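Okay, here's what each chain looks like letter by letter:
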Amino acid sequence: EVQLVESGGGLVQSGGSLRVSCAVSGFTLDDYGIAWFRQAPGKEREGVSCFSKKADITQYSDAVKGRFILSSDNAKNTVYLQMNSLKPEDTGVYYCAAYTPWTLNGRCPRAYTLSLWGQGTQVTVSP
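Every residue gets a number counted from 1 within its own chain, in the order that chain's sequence is written. Selection of residues for local features in this predicted model requires a pLDDT of at least 70, selection of side-chain atom pairs for listing and counting requires 80 or more, and totals for whole chains, interfaces and linings are taken over all residues. As a rule here, side-chain values come from all non-hydrogen atoms in the structure, and water together with hydrogens is ignored.

(A) Quick peek at the pattern of salt bridges. Salt bridge criterion: a side-chain nitrogen from Lys or Arg within 4 Å of a carboxyl oxygen from Asp or Glu. A complete count under the given rule lists 4 salt bridges for this structure. The shortest N-O distance in the salt bridge between Asp90 and Arg38 comes to 2.8 Å. Pair noted here: Asp90 is in the loop between strand 8 (78-83) and strand 9 (92-99) and Arg38 is in strand 4 (residues 33-39), with a separation of 52 residues, a long-range link. Accessibility assignment for this pair places Asp90 and Arg38 in one class, buried. For the salt bridge of Arg67 with Asp90, the shortest nitrogen-to-oxygen distance reads 2.7 Å. Taken as a pair, Arg67 in the loop between strand 6 (57-60) and strand 7 (68-73) and Asp90 in the loop between strand 8 and strand 9 lie far apart in primary sequence, 23 residues in all. The pair formed by Arg67 and Asp90 is uniform in burial state, with each residue classed as buried. Among the charged side chains, a network of salt bridges with common partners joins Arg38, Glu46, Arg67 and Asp90. Numbering of helices and strands starts at the N terminus; helices are DSSP runs of H or I of at least 4 residues and strands are runs of E of at least 2. Each residue gets one of three labels from its accessible area relative to the maximum for its type: buried under 20%, exposed over 50%, partly exposed in between, using a 1.4 Å probe on protein chains only.

Rendered as structure tokens:
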């Protein structure tokens, strides 16, 4: 069964750090990419970062570039998103999704094109 499970969310003050995880099963990170998205209340789902070993890319949105760092552990089939210097506007539910990198030419996928998602993990950054 193909499955993605996010974890690691929580409450943190502005300027703090948090690491969220995306554990995947049913496929290998060697072949399929993982994209991180977030969704704040009342807002559209926003792309945050994506990773593909197959396509040899790690990308970040302008909103998080320089603050967030994506890493992966192939042995654990897990992708991590280290979030530093957190701001209240980083608050939202963080989701990971699987994507097929061979269709994107090194770009991160758009949320509406994806169908395989985790359940999300809540990240709340207080002022």
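(B) Structural detail: the state of the cysteines. The disulfide criterion is simple: two cysteine sulfur atoms within 2.5 Å. In this structure the tally under the stated criterion is 2 disulfides. At a sulfur-sulfur separation of 2.1 Å, the disulfide partner of Cys22 is Cys96. Residues Cys22 and Cys96 are joined through a disulfide that is right-handed, its torsion about the S-S bond being 80 degrees. Here the residue Cys22 occupies a position in strand 3 (residues 18-25), and Cys96 occupies one in strand 9, the gap between them amounting to 74 residues. Taking the relative accessible area as the measure of exposure, Cys22 reaches 0% and is therefore buried. Each disulfide pairs two cysteine sulfurs, and for Cys50 the partner residue is Cys108, the sulfurs being separated by 1.9 Å.

(C) Spotlight on the sheet that holds strand 1 (residues 3-7). Only strands joined by at least two bridges in the DSSP assignment are considered to pair. Taken in spatial order, the 4 strands make up an open sheet running 1-3-8-7, and their pairing is antiparallel. The sheet is open, and its two borders are formed by strand 1 and strand 7, each paired with just one other strand. On average, each strand axis in the sheet is inclined to that of its neighbour by 15 degrees, with strand direction left out of account. Where strand 7 lies against strand 8, 6 bridges are found, and the strand directions are antiparallel. In the sheet register, Ser72 faces strand 8, and the bridge partner there is Val79. Every axis in this analysis is a line fitted to C-alpha atoms, fitted for helices over the stretch in contact. Angles between the N-to-C directions lie between 0 and 180 degrees.

(D) Looking closely at unusual backbone geometry. Phi is positive for Asp56, which is not a glycine, with a value near 55 degrees. Mapping Asp56 onto the fold places it in the loop between strand 5 (46-52) and strand 6.

(E) Highlighting the sheet that holds strand 6. Spatially, 6 strands are ordered 2-10-9-4-5-6 in an open sheet, and the strand pairing comes out mixed. Two strands in the sheet have a free side with no partner beyond their single neighbour: strand 2 (10-13) and strand 6. Pairwise comparison of adjacent strand axes, ignoring direction, gives a mean angle of 25 degrees for this sheet. As paired elements, strand 5 and strand 6 share 4 bridges and run antiparallel to each other. Note that in strand 6 the partner of Ser49 across the bridge is Tyr60.

As far as function goes, none of this settles anything; it's purely spatial.
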